[in-house]
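# Breakdown of the fold
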Amino acid sequence: MMPTPVRDDYQDPLGRSVEWSFPGVPDAVRSARAAVRATLQEWQVSAVGDMAVLLVSELVTNSQRYASGPIGLRMERTPGGTLLVEVSDPLPDPPLTRVAAPEDEGGRGLQLVAFASRRWGTRRAAAGKTVWFELALSG
């Protein structure tokens, strides 16, 4: 479900989740990476840090490129030992996975998310969609 509205720098009282909202501009990608990196360091889950930052970068880039409007980002440490990351935008159409040719400059982001994450998927919301993935925090 797309957070409407997402509060900037919201963190739940138990410290298990955090949400941000970024404008749909190119700098959103850099800001999202920095927010994820800082939060994972604070949570002391650096083992998945680089992969989480890379996958967030891919999904926020897709949202910035294809949707207009705010980009929501939510991260949660689940009781089941996973990191759940959700990227939301106002475009209702689900992303399309495609096979990129070796010389293509793009088109590999969703393949990367699929191969690197424990699980991933999309869901529609009343005003857009959310693309999510999970990374194992241990083992």
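Definitions and cut-offs
- Residues numbered from 1 in each chain as written.
- Predicted model: local features only at pLDDT ≥ 70, side-chain atom pairs only at ≥ 80, totals over all residues.
- Heavy atoms only, no water.
- 1 Å grid on protein atoms, 1.4 Å probe; cavity = no way out; pocket = protein on both sides within 12 Å on 5 of 7 lines; lining within 4 Å.
- Points joined across faces, edges and corners; volume = space filled by probe spheres on them.
- Helix = DSSP H or I, 4+ residues; strand = E, 2+ residues; numbered from the N terminus.
- Nonpolar A, V, L, I, M, F, W, Y, C, P; charged D, E, K, R; others polar.
- Buried < 20%, exposed > 50% of the residue type's maximum accessible area, 1.4 Å probe, protein only.
- Pairing = 2+ DSSP bridges.

Right, let's get into the layout of surface pockets. Put simply, the largest pocket is a space of about 520 Å³. Along the walls of the largest pocket sit 26 residues, with Asn-62, Tyr-66, Pro-95, Leu-96 and Leu-110 positioned nearest its centre. At the level of elements, α2 (49-66), β4 (82-89), α3 (109-116) and β6 (128-136) are the ones that each hand at least two residues to the lining of the largest pocket. For the lining of the largest pocket, the leading source of residues is α2, giving seven residues. Taken together, the residues of the lining of the largest pocket sort by class into eleven nonpolar, seven polar and eight charged.

Moving on, we get to the pairing of β6. Counting buried positions along β6 yields eight of nine residues, so the element is predominantly enclosed. Relative to β6, β4 is paired through eight bridges, and the arrangement is antiparallel. Directly across from Ser-88, in β6, lies its bridge partner Thr-130. Pairing of strand β5 (residues 119-125) with β6, which is carried by seven bridges, proceeds in the antiparallel orientation. By the bridge assignment for β6, Arg-123 is matched with Thr-130. If you look at the hairpin formed by β5 and β6, you'll find two residues sitting between the two strands.

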